[in-house]
Each structure stands twice: as structure tokens, then as C-alpha cells.
Amino acid sequence: MTNVTPKFGMGASVLRLEDAAFITGRGRYTDDIAPAALLHGYVLRSPVAKARFKVGPLDAARAAPGVHLVLTGADVAHLGDLKSTVMQKQPDGTRAPTRDIPILCRDRVNYVGDAVAFVVADSRALAHDAAELIEVDYDHEDAAADTATALDDTAPLVWPELGSNSAFTYHLGDKARTDAAFAKARHVTRIEFVNNRLICNYMEPRSAVGEWHEAEGRFVLTTGSQGVHSMRNILAGQVFGVGPEKLRVVTPDVGGGFGTKAFAYREHALVLEAAKRLGRPVKWASDRTEHFLTDAQGRDNVVTAEMAMDKDGRFLALRVKLLSNVGAYISQYGPIIAHIGASMSTGVYDIQALDVSIVGVYTNTCPVDAYRGAGRPEAALLVEKLVDACARDLGLSVDEIRRRNFIRPEQFPYRTQAGRLYDVGEFEGHMNLSMERAGWASFPDRLAEAKARGRIRGIGMATYIEACAFAGSEPARVELNADGTVSVFIGTQSNGQGHATAYAQFVSEKLNLDIAKIIVRQGDTDELAKGGGTGGSRSIPLGGVSAARAGEALADKLRKLAADELEAAAADIELDNGEARIVGTDRSIGFAALHAAAKKPDDLKAIGEFVQDEATYPNGTHICEVEIDPETGATEVMAYTIVDDFGVTVNPILLAGQVHGGVVQGIGQALSEEAVYGEDGQLLTASFMDYAMPRADTVPSFHFETRNVPSTTNALGMKGAGEAGTIGATPAALNAVTDALYRAYGIGHIEMPATPVRIWAAIEAARHK
């Protein structure tokens, strides 16, 4: 059969179908939704990081103008806490106890922003005014706010009953084998560094609308999310103790997620509880300050890492000790983030011994959870920073030490010492191509030119690998509609990635249908029985295969329907842009007519589900070139080159957008972003005045291309790309800055973010040695 509409299929550079609505102001976000008789909620939050507290009389708040409801911890004692279910096994086989998130605090607060009361009124302003009338007596206590000192004997205890700030202890690898390798090593390189804490700062702050439908006896929650099914299951099961059929979750357009919108939050439960009590819908909308204070944050590790090497600089063993800050409570996926990262510790290198020890620590800070990459950026930064340090110690070039230690193509499939099974890879291939595109060989000329202008210059690389599209599935359902259009139902959730375009491409290719006639439906638990949501770059590698299979199955059904109507054999029917035609003739029937002719509903729908047994492993090389003004410490990113291996490209335009955005986030962590808490647990970077986001003028135009080696794990060869930019960018940018400082001043380490003041101070210290 001839595909007559290849321009819409897999691999085509199709422009995003979503964009017309967004750029003309027709996007529909949660805060745009206003059901009749809507009320508004406001959360009264703790101004201190650690305290016992008592709420005073509520009469004044309840009597304030426009107020309908005031809730405290005692009023919602019947609601269950938000509890993580992903605590991993410790070395002794046990799972550490969790400290769960109460819907409203009962008698103690544990970080600035902890929820104390919920006020519902005719407007948000009136609810805010009433909240200020609530008197809360805080018995302030010393806080533990620093990751590095959380386990010190003198550190205040976040949870005194535990006797320590240790939240969990994990171990990966073989300690005895690693110790033996270190004992015979000719060289050992050691680094210590902090993986700085980040705040997500998506464009759209969180919001939620809760409704109670009395006639149906169930809740409806409308909120921005990264998947409605997990949110429904957590809120229904953990918090309200009802069956999932008693809660419908709907997600409209979402303005960014990055992991942080994947979680069930206490405000979701509060608007639902208030709606049921009042019999009216209730909306809560966060402001930017609340986002800084209370939405789950990312990263925040203190790391010591050592590499054992032989006389030729070949890696023998890797030893890592890591403190992972979990914040004041155990967030939804918080306990597994460091564990996932540790499983990728060896990166793209053939390292035959591994010893990773992880201790999670409680602090009186906002809970920490998945943020774009969720452990894999931390792992890539660790090993890529360490590899550069190894090269400096041995006097090798950074590319040469990598060449000597890459896993070779003939070694695949390759089982790492952390148990990961890499299917394919040609790491030296993409490194060589990236170096060629970046003009690596001519860098000395640019270095000399910069020096003549009084600047220092550096070039850095990162050869990364990540695990994504983890084992599992994401089923898709495809249906022919009465007007001849086709709907695709799938349980992932677009947060700006372009799902409406990408999924439509898979189905378009199977049905030979104009992509504009394919409607992608996400974000409604009533429309699809299950879904895994968006995260871990899983949507397209898993959901895309399922959509393709569902589209193929529907195509078969439509050919059979058409064969019956046209009195022909199904094998003689071709599909062409909304019509089924007997090959070589002008006899055809339109999709709308096929819908009308169908005898059974099942003739018009098909389900596809691809189950993947192992993760996929995107990889690539990022090269960053920077110039630094030694008099101010200011860094300018002069050039940035990316050569990635994503297996197969679905849509080059969407792919470039994902990579570009991820790279900017990675550069942001390396050069400017950092969430800083004071000793008293106050967040000192609680606005854009103090938290420095990357800007358009922070980065140059990127050179991006792919050098794909199709995955043998994924049915269509895809590997996933949603987080890769972030994973490669941070170590590449940091290595470039370090290279500039080392060439000019012998400075081999600088903490992130490498801000102007931090760089200037390091240069001044080196000058005055």
C-alpha cells in the first residue's frame, strides 16, 4: 500500500498543532476555569521553619466579610496524610519509616510555608484578609537547614522521635570489590562538591478547582498535572479513603511541569474537602512566592567521589558517598530520586567496580522530589566532573581519557555494576562528531584571541547517558468519530512538549490521515481507565508505540468495514486522507460514512499497548565554550554544541525544542540558579530578585544534531529525549568554566552555581596565593 501522506508521519518536521491556540490567547489553564458560584481558598502558612504551635480563636476570621469556611488541622483530622510508597530497601533489608505530609499541620510546623489553616471566601483577597485575623502561637525551635551538617551531633532534629536526621540509607555496588580495586590502583582522584538545590519555576503556578457532585456522590478535581490517574489514586485512596470511581481528575492545558507538577499536593485535598462541605466549587491559585516556598524542589546533594585508575588512566573503580536532602517530609517520589541517580553512576564508562553509599537527610526545608531528570542529572554531573578531574591529575586531555574508558560498541548489551542493562551505544562516535562541529581543534586560536582582550576562555564537554522510558507501558485508544476525524486517548499529559502533534503523527502514518483531523485527548480519568502520566521521558517511547499500534489496528478495522461496503477484499483497500478506496479505482467511501455503516461500536475503536521490559538509554556529547572577564567574574557562553543519540527521531522540530529548553535549564543550574536557606530555615531566595533564572541573553544559538543508533529495547527504536538536555548541559557548562579557570589560574574546582562573585573570589584567591 502506498503512503500518500508521508509529510505527517514519523520523522516529519510537523509544526506544533497546539501553538495556534497558545499564541492567540486561546489556551485554557486551570485558573481560567470558573464554575458558577465559585469560591476561593487561601492557605495560611507558617512563617517559621520549626515550631510547636496553637491556633487561637477563629471567631474573627469566620465572621470576616465574605468568609464561608475556615479549616485547621483538627477539622481535617479524618483525612489521610500524603504518603510516599517508593522507599527503597536499606542494606539490612528494611525500609525506613516515612514522615508523611499532613493536609494541614496539627501541632507542629516543619518548614517555612507549611500549611496551618485554609480559608474559603468570595474572593482570594477576602480569604487572605481573613487569614490574617487568625492568631497562631508559634513556640519557635532551632532549625536544621543545611544538608552538609544535618547529621552532625549538634544539629537540631527535625523529627526528635527518630533520634537522628537520617531519613534512609541505601547502598549500590560491591564494597569489597571496590576496596580491592582501590588497593591496587596506581592513581586515585577525589572530588567533593555540592549539587545545588533548585526551584522549578514553571511559567504557570499551580492551581486547583474542587467540586462535589452530590447527585453522583463523587468529587471532581481540575488541576494542572503530569498525569491524572496517579493523582486520582493517591487522593482517593490515601486521603479520602474512597474508591477511585469517587474522584474524577481533569487536567486542561498545563504551563510547564518538569516533575514538580507530578505530585498530589495538600491544596488538592483542601479544595475538594471545602467543596463538599460548602456544596460549591472552590478554587485555590498559588502565587509565585508560594511556589518558591512550598512546591517540591530539586537536587540538593553533598557528594564525595573517588576514581581508582591504573597506570594508563583506565578506570578501575568508582566510590561515591552522597548526602541527599529530602526536606522536612518524604515527598511522593523523594526517596527514589537519589537511588535512580546512583544506578547511573558509572555513566558511559567501563568501570568494573562500584561502591555508592547514600544517606537521605531531613532538614527544615521544603520537601525535595523529582525535578527534570530526577537523579540522572545528578549522576551525570558527578561522573563527568570527576572524569575531567582525573584527566587534569594525569595530564591527559579530557577527550583522550574518555576514549580510553568508554564502553565499546562490541561490549553491548552491557550490564553496569549498578544493574542497568544498556542495549546499544557508540559513545566515541558522537563525541568525535561533537568535537568536529564545535571546532575543538581550533580552540587554541580562540583562547589566544580572548587572552589578547583580557579575557580567559574555556571549553568543556560532557558525554552523558541517562535511563528513561522505564519498564512498563502506556496504552492508547484510537476511535473514529462521526465526522470522520479520529480521537486518540492516552494517559500521559502534555506540559508543553507537543503531545498533540507527536501522537497524531504516529496515528496519521497508520491511517494516511491529515494530522489536523486527529484529536489527542489527555487529562480526564473519565475518558481512559488507566495511564502512567508524563515523567522520565516516557510519553513518546512508550505511548508513541502504543498509539502507532492502536492506529494500525484501527486501520485494519476500517479496511474491513470498507471492504464490506464496497464489496471488495480488505487487502485491496487503501486509506487515503479520510477515505477508503479500492486500489487502482475511483470507488471509495469516506471515514464519516464508514462510521455510519458500522454495526458495532468496537468496529470503530482500537487499543494498542506496548509493554517494555527495560529502560531506554539516550546518550550524547555536549560541548560548551565560555569566556570569563577576570575583573568581574562574569561568564558568557560563547558557543554550545550538542550531538545526541535518541535512537529514532519522531519530529525534529519538537525534538530541538525539548533539547534547547533542557540545555537552558542545565546551564541555569551551572551558572546562576540556587535555592538558599538561612540557618533559621528562612528561604533567602524566595523571589526572582534573588533567584537568578537563565535569560535569553544567557545563552547563544545552539548547534544541535543527532547521530542516532536505534534502540533494540524499544519497538520503534526510540530512546526518549525530554530530560536529556538538562542532563548533559550542567556538567558541560561547569567543565567549561573550570577549564577556563584551570588554564589561567590553576583553579581545578568551583562550586555551582558559578556566579560572577564566586568566580571573582576564586580568581582573587589564586592571584594572592
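If you're wondering where the values come from, they're calculated on a predicted model, not measured in any experiment.

## Side note on the overall build of the chain
Logical step 1: Tallying secondary structure elements over the chain gives 18 helices and 30 strands in all.
Logical step 2: Relative to a compact globule of 769 residues, whose C-alpha radius of gyration would be 27 Å, the chain shows 27 Å and is just as compact.
Logical step 3: Oriented by its inertia axes, the alpha-carbon framework of the chain measures out at about 85 × 75 × 55 Å.
Logical step 4: Within the span of the chain, comprising 769 residues, buried residues form 61% of the whole.
Logical step 5: Summarising the internal contacts of the chain: among those between residues at least 6 apart in sequence, 80% fall at separations of at least 24.

## Focus: helix α9 (residues 376–394)
Logical step 1: Between its first and last C-alpha, α9 extends 27 Å over 19 residues, near the 27 Å set by a 1.5 Å rise per residue.
Logical step 2: Counting buried positions along α9 gives 16 out of 19 residues, so the element sits mostly inside the fold.
Logical step 3: Of the residues flanking the end of α9, it is G395, one or two places downstream, whose phi is positive at about 75°.

## Describing helix α3 (residues 124–131)
Logical step 1: Taken as a whole, α3 has its buried residues at A127, A130 and A131. Burial along α3 is one-sided: seen end-on, the buried residues are contained in an arc of 100°.
Logical step 2: Close packing links the buried residues of α3 with β1 (39–45), α2 (59–63), β3 (67–72) and β5 (115–121).

## Some points on the sheet that holds β1
Sheet strands pair via backbone hydrogen bonds, and the direction of the pair is either parallel or antiparallel.
Logical step 1: In space, the seven strands of this open sheet follow the order β3-β5-β1-β12-β9-β10-β11, with mixed pairing throughout. Two strands close off the open sheet at either side, each with one partner strand: β3 and β11 (247–250). Put simply, the sheet's adjacent strands are angled 20° from each other on average, direction ignored.
Logical step 2: Where strand β9 (residues 207–213) and strand β12 (residues 282–285) come together, four bridges link them in antiparallel fashion. Directly across from S207, in β12, lies its bridge partner A285.
Logical step 3: Running at roughly 145° to β11, helix α5 (residues 228–240) makes contact with β10 (218–223) and β11 of the sheet.
Logical step 4: Relative to β9, helix α6 (residues 266–278) is tilted by about 35°, and along the sheet it contacts β1, β3, β5, β9, β10, β11 and β12.

## Thoughts on the sheet that holds strand β29 (residues 635–645)
Logical step 1: Here four strands make up an open sheet; going across it, the order is β18-β28-β29-β30 and the pairing mixed. Looking at strand neighbours, the two that pair on one side only are β18 (456–465) and β30 (702–706), the edges of this open sheet. Ignoring strand direction, the axes of neighbouring strands in this sheet form an average angle of 10°.
Logical step 2: Where β29 lies against β30, five bridges are found, and the strand directions are parallel.

## Observations concerning unusual backbone geometry
Logical step 1: Residue P413 is bonded to the preceding F412 through a cis peptide linkage, with omega at -5°.
Logical step 2: Following M752, the chain continues to P753 via a peptide bond in cis, the omega torsion being -10°.
Logical step 3: Relative to the helices and strands, P753 is located in the loop between α17 (724–745) and α18 (756–767).
Logical step 4: In the Ramachandran plot, F258 falls in the positive-phi region, its phi being about 60° despite a non-glycine side chain.
Logical step 5: Here F258 is to be found in the loop between β11 and α6.

## Things to note about the pattern of salt bridges
Logical step 1: Under the defined criterion, the tally for this structure stands at 61 salt bridges.
Logical step 2: The salt bridge partner of E466 is R376, with a shortest N-O separation of 3.4 Å. In this pair, E466 sits in the loop between β18 and β19 (472–473) while R376 sits in helix α9, placing the two residues 90 residues apart along the sequence. Across the pair, exposure class does not vary: E466 and R376 are buried alike.
Logical step 3: With its nearest N and O atoms 3.9 Å apart, the salt bridge here joins K605 to E479.

## As for the pairing of β9
Logical step 1: The element β9 is largely enclosed, with a buried count of six among its seven residues.
Logical step 2: Two elements, β9 and β10, share six bridges in a ladder whose sense is antiparallel. From the neighbouring strand, G210 faces β10, where its bridge partner is L221.
Logical step 3: Between the end of β9 and the start of β10, which pair antiparallel, lie four residues, with G217 showing a positive phi angle near 65°.

## Some remarks on the environment of E410
Logical step 1: Among the structural elements, E410 can be located in the loop between α10 (398–405) and β16 (414–415).
Logical step 2: Look at E410 and you get exposed, because its relative accessible area is 56%.
Logical step 3: Within the structure, E410 has its side chain in polar contact with the side chain of R408 (distance 2.8 Å).

## A closer look at the packing of helix α13 (residues 499–511) against helix α14 (residues 539–566)
Logical step 1: Relative to each other, α13 and α14 sit at 35°, their axes nearing to 8 Å. As α13 runs across α14, the sense of the crossing is right-handed. Between α13 and α14, the contacting residues are H499, A502, Y503, F506, V507, K510 and L511 on the first element and S539, I540, G543, G544, A547, A548, G551, E552, L554, A555 and L558 on the second.
Logical step 2: Tallied by class, residues from the contact of α13 with α14 come to 11 nonpolar, five polar and two charged.

## Remarks on the packing of α9 against α10
Logical step 1: Contact pair α9 / α10: the axes reach a minimum separation of 9 Å and the direction vectors enclose 110°. Judged by the inter-axis angle, α9 sits roughly perpendicular to α10. From α9, E384, V387, D388, C390, A391 and L394 reach across to α10, where they touch V398, I401 and R402.
Logical step 2: Of the residues in the contact of α9 with α10, the class split is six nonpolar, no polar and three charged.

## Some details on the side chain of T501
Logical step 1: Mapped onto the elements, T501 comes out in helix α13.
Logical step 2: Residue class for T501 comes out buried when judged on its relative accessible area of 0%.
Logical step 3: In this structure the side chain of T501 is engaged in a polar contact, spanning 2.8 Å, whose partner is the side chain of E18.
Logical step 4: Among residues more than four places away in sequence, those in contact with T501 are V14, L15, R16, L17, E18, I515, N651 and L654.

## As for the side chain of E705
Logical step 1: Examined against the element boundaries, E705 turns out to sit in strand β30.
Logical step 2: Judged by relative accessible area, E705 falls into the buried class, the value being 18%.
Logical step 3: With residues up to four places along the chain from it excluded, the contact list for E705 reads L433, R437, I642, V643 and D644.

## Brief notes about the confidence of the model for the chain
Logical step 1: A residue-level look at the chain finds 99% of positions with pLDDT of 70 or above and a mean pLDDT of 97.
Logical step 2: A low-confidence stretch, residues 1–5 stays under pLDDT 50, and its non-local contacts, those more than four residues away or across chains, total 13 contacts.

## A closer look at the environment of T365
Logical step 1: With respect to the helices, strands and loops of the structure, T365 is situated in the loop between β15 (354–362) and α9.
Logical step 2: Between the alpha carbons of T365 and L683 there is a distance of 8.2 Å; along the sequence they are 318 residues apart.
Logical step 3: Those residues in contact with T365 that lie beyond four places of it in its chain are N110, Y111, A145, R197, N325, G327, A328 and Y677.
Logical step 4: Engagement of the side chain of T365 in a polar contact is seen with the side chain of R197, the distance being 2.9 Å.
Logical step 5: For T365, the side chain forms a polar contact with the side chain of T363, separated by 2.6 Å.

## A few points about a negative patch on the surface
Logical step 1: On the surface, a cluster of negative charge is contributed by D146, D152, D153, E679 and D680.
Logical step 2: With respect to the helices, strands and loops of the structure, D146 is situated in the loop between β6 (136–140) and β7 (166–173).

## Quick look at the environment of E679
Logical step 1: With respect to the element layout, E679 can be found in the loop between α16 (652–671) and β30.
Logical step 2: Sequence spacing of E679 and L511 is 168 residues, and the spatial spacing of their C-alpha atoms is 61 Å.
Logical step 3: In contact with E679, other than residues within four places in its own chain, are A143 and A145.

About the cut-offs
- Here, residues in each chain are numbered from 1, in the same order as that chain's written sequence.
- Where local features are concerned, this predicted model is filtered to residues with pLDDT of at least 70; where side-chain atom pairs are given and counted, the filter is 80 or more; whole-chain, interface and lining totals use all residues.
- No hydrogens and no water enter the side-chain calculation; it runs on all heavy atoms of the structure.
- To qualify as a helix, a DSSP run of H or I must reach at least 4 residues; to qualify as a strand, a run of E must reach at least 2; elements of each kind are numbered from the N terminus.
- Radius of gyration: over C-alpha atoms. The globule rule applied is 2.2 Å multiplied by the number of residues raised to the 0.38 power.
- When a residue's accessible area, from a 1.4 Å probe over protein chains only, is under 20% of the maximum for its type it is buried; when over 50% it is exposed; and in between it is partly exposed.
- Two residues qualify as a contact provided that any one of their heavy atoms is within 4.5 Å of a heavy atom in the partner residue.
- In a helix, the anticipated span is given by 1.5 Å times the number of residues less one.
- Here the arc refers to the set of directions running from the helix axis out to each C-beta atom.
- Two strands qualify as a pair provided DSSP detects at least 2 bridges between them.
- Throughout, an axis means a line fitted to C-alpha atoms (over the contacting stretch in the case of helices), and angles, computed between N-to-C directions, take values from 0 to 180 degrees.
- By definition, a salt bridge exists where a carboxyl oxygen of Asp or Glu is found within 4 Å of a side-chain nitrogen of Lys or Arg.
- The definition of a polar contact used here is a pair of N or O atoms within 3.5 Å, where within protein one atom must be able to donate a hydrogen and the other to accept one, and adjacent residues in sequence count solely through side-chain atom pairs.
- Take the far helix as your reference; a near helix turned counterclockwise from it by less than a right angle gives a left-handed crossing, and one turned clockwise gives a right-handed crossing.
- Residue polarity follows a fixed list, in which Ala, Val, Leu, Ile, Met, Phe, Trp, Tyr, Cys and Pro are nonpolar, Asp, Glu, Lys and Arg are charged, and the others, Gly among them, are polar.
- Angle categories are assigned with fixed cut-offs, so that under 35 degrees is roughly parallel, over 145 is roughly antiparallel, 65 to 115 is roughly perpendicular, and the rest are oblique.
- For every residue, the predictor states its confidence as a pLDDT score lying anywhere from 0 to 100.
- To count toward a patch, a residue needs a relative accessible area above 30% and no salt bridge. Like charges then connect within 9 Å, nonpolar side chains (Val, Leu, Ile, Met, Phe, Trp, Tyr) within 5 Å.
- Accessible surface area values rest on a Shrake-Rupley calculation with a 1.4 Å probe, where residue burial reflects the displayed protein chains alone.
- His is not counted, nor are the chain ends, whereas Lys and Arg count as positive and Asp and Glu as negative.
- The atom standing in for a charge is NZ when the residue is Lys, CZ when it is Arg, CG when it is Asp and CD when it is Glu.

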